[in-house]
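Residues per chain are reported as follows:
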Amino acid sequence: MHSVADIWDNVLQQLKGDLSETTISTWFDELTAVDLKNDTFFLHCDNEFKKGYIEELFIGNIQSALKNLFSKEFQVQILNREGLAELQGNSPKKTSDRFTSDEFTFETFVVGPSNKLAYAASMAVADHPAQNYNPLLIYGDSGLGKTHLIYAIANVIRKNDPHAKIAYVKGDDLTNELVNAIREGKTTEMREKYRQADLLLVDDVQFIAGKKQTQEEFFHTFNNLYESGRQIVLTSDRPPSEMTMLEDRLRTRFEWGLLVDVAPPDFETRLAIVKNKSALMGMELPDDIASYIAQNVTANVRQLEGTINKIMAYRDLLGNDADEETVKRAMQDILSRNNEYIPTPDTILEFVSRYFNLEKEIICGQQRIKDAVFARQVAMYLIRSMTNLSQDDIGKIFGRDHSTVIYSLKEVEKKMRADPSFAETVKEIKTNITAKH
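The notes below deal with the structure included here. (Residues numbered from 1 in each chain as written. Predicted model: local features only at pLDDT ≥ 70, side-chain atom pairs only at ≥ 80, totals over all residues. Heavy atoms only, no water.)

### Considering the pairing of strand β7 (residues 231-236)
Condition: Residue exposure (1.4 Å probe, protein chains only): buried if accessible area is under 20% of the type maximum, exposed if over 50%, otherwise partly exposed. Helix numbers and strand numbers start at the N terminus; a helix is a DSSP run of H or I with at least 4 residues, a strand a run of E with at least 2. By the convention used here, strands pair only if DSSP detects at least 2 bridges between them. The definition of a right-handed crossover adopted here requires that, viewed with the strands pointing away, the path from the first strand over the helix to the second runs clockwise.
Taken across its six residues, β7 has six buried, putting it largely inside the fold. Residues Gln 231, Val 233 and Thr 235 point to one face of β7 and Ile 232, Leu 234 and Ser 236 to the other, with burial holding for every one of them. Bridge analysis of strand β4 (residues 136-139) against β7 gives four bridges, and the strand direction is parallel. In the strand pairing of β7, Leu 137 is matched with Leu 234. As defined by bridge partners, strand β6 (residues 199-203) adjoins β7 across four bridges and the pair is classed as parallel. Looking across to β7, one finds that Val 202 is bridged to Leu 234. For the crossover that starts at β6, traverses helix α11 (residues 212-227) and ends in the parallel β7, the hand is right-handed.

### So, the packing of aromatic side chains
Rule in force here: Here the aromatic set is Phe, Tyr and Trp, taking the six-membered ring for Trp, and pairing holds for ring centres within 6.5 Å; pairs whose planes are under 30 degrees apart are stacked, those over 60 apart are edge-to-face, and all others are tilted.
Scanning all chains against the criterion turns up 17 aromatic pairs. Here Phe 106 and Tyr 119 contribute two aromatic rings whose centre-to-centre distance is 5.6 Å and whose plane-to-plane angle is 85°, an arrangement assigned as edge-to-face. Note that Phe 106 is positioned in the loop between α6 (91-94) and α7 (116-127) and Tyr 119 in helix α7, a separation of 13 residues in sequence. Residue classification places Tyr 119 among the buried positions, given a relative accessible area of 17%. Between Tyr 226 and Trp 256, the aromatic rings sit 4.9 Å apart at their centres with planes inclined by 45°, giving tilted as the arrangement. Of this pair, Tyr 226 sits in helix α11 while Trp 256 sits in the loop between α12 (248-254) and β8 (258-261), and the two are 30 residues apart along the sequence. Residue Tyr 226 is classed as partly exposed on the basis of its relative accessible area, which comes to 33%. An aromatic cluster is defined as three or more aromatic residues linked by ring pairs; in this entry it consists of Phe 218, Phe 222, Tyr 226, Phe 254 and Trp 256.

In structure tokens form, the structure reads like this:
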């Protein structure tokens, strides 16, 4: 064997002893060998659907074949286009490729009441960057389409101006990149990379909170871009007010522009996503099956797409029809995760009462003594963060209006930012409540 291609040919020959010809031709046809170094065998696959299922189902088979060849353990890593570019040292040139893809566009984004404002704001930024909403910060739980929207923004800007400089980075990667730049004496190059961008996209910006040097660097980069009239788009899993370890000067800047949230989609939107995704993958689901999926997979868009992918895998690998039995099997792990514990307000009050050694009636009452007010604010904060109740509903529990609830939430968040030990206290109460289940 003289090359990684030879090694891969040998691996494929071995896999024929474990897997059928149909399986190999269906799932491995777009895999190519890239490199073998540091006990890691690198493969490349541009097809994200196939890449995901090979990683889920067949990595062990590939590792076993490599062990048979070399009598040692190897890790196997499958790279997408961006990963391949990074491995080959061509990432600056290749980064923009994702922004010309037809996969993450405004046309393929399914709009519903839960994301309508975020969608409209993203389109406005794409059409008129740095004119109205700068920065634009889109926040919400994982898997609800935040990354799709920022890619769609970049897609439009790239089409309108093919020479636009677009910089994209994840919050945790920004810290790693800064550490490497400092170690290698390349901080100037790193600054130029981001400060010369026409559009800066930072995904999961919450990860820079608590990292002093990264925040310092990003503060100056933000100012440089903002003052020179260039667009900044951020995503986060929470609004800046809830990023307890984020510096105030960054928090205020994040709030300069427009904050928009994306929430879990309603039933009609979920149903549209199921039908849209299955059609794009060449699979027509019966209406009752599509409705069953939409009714039971409620957390996020990524789970819906994962369910469709798994149904397709059952069809292609096992020859199963997309009937109710197959769909239930594909959804089994997701349905079990959806049964996560959501405490009642009374349960939360019980734990807060026990922790602060105060009767629930006092916490929910009208007394203004310091300890009661403090415990009441913590209880409101925990009910807001651990249940689906609105601020109005929370206010009714305590006999107060929603403005009091808003004030209480801000007071707890402010104290959590200022006092890490208090933040740990709140976390501890929360953990105890969850552990009760």
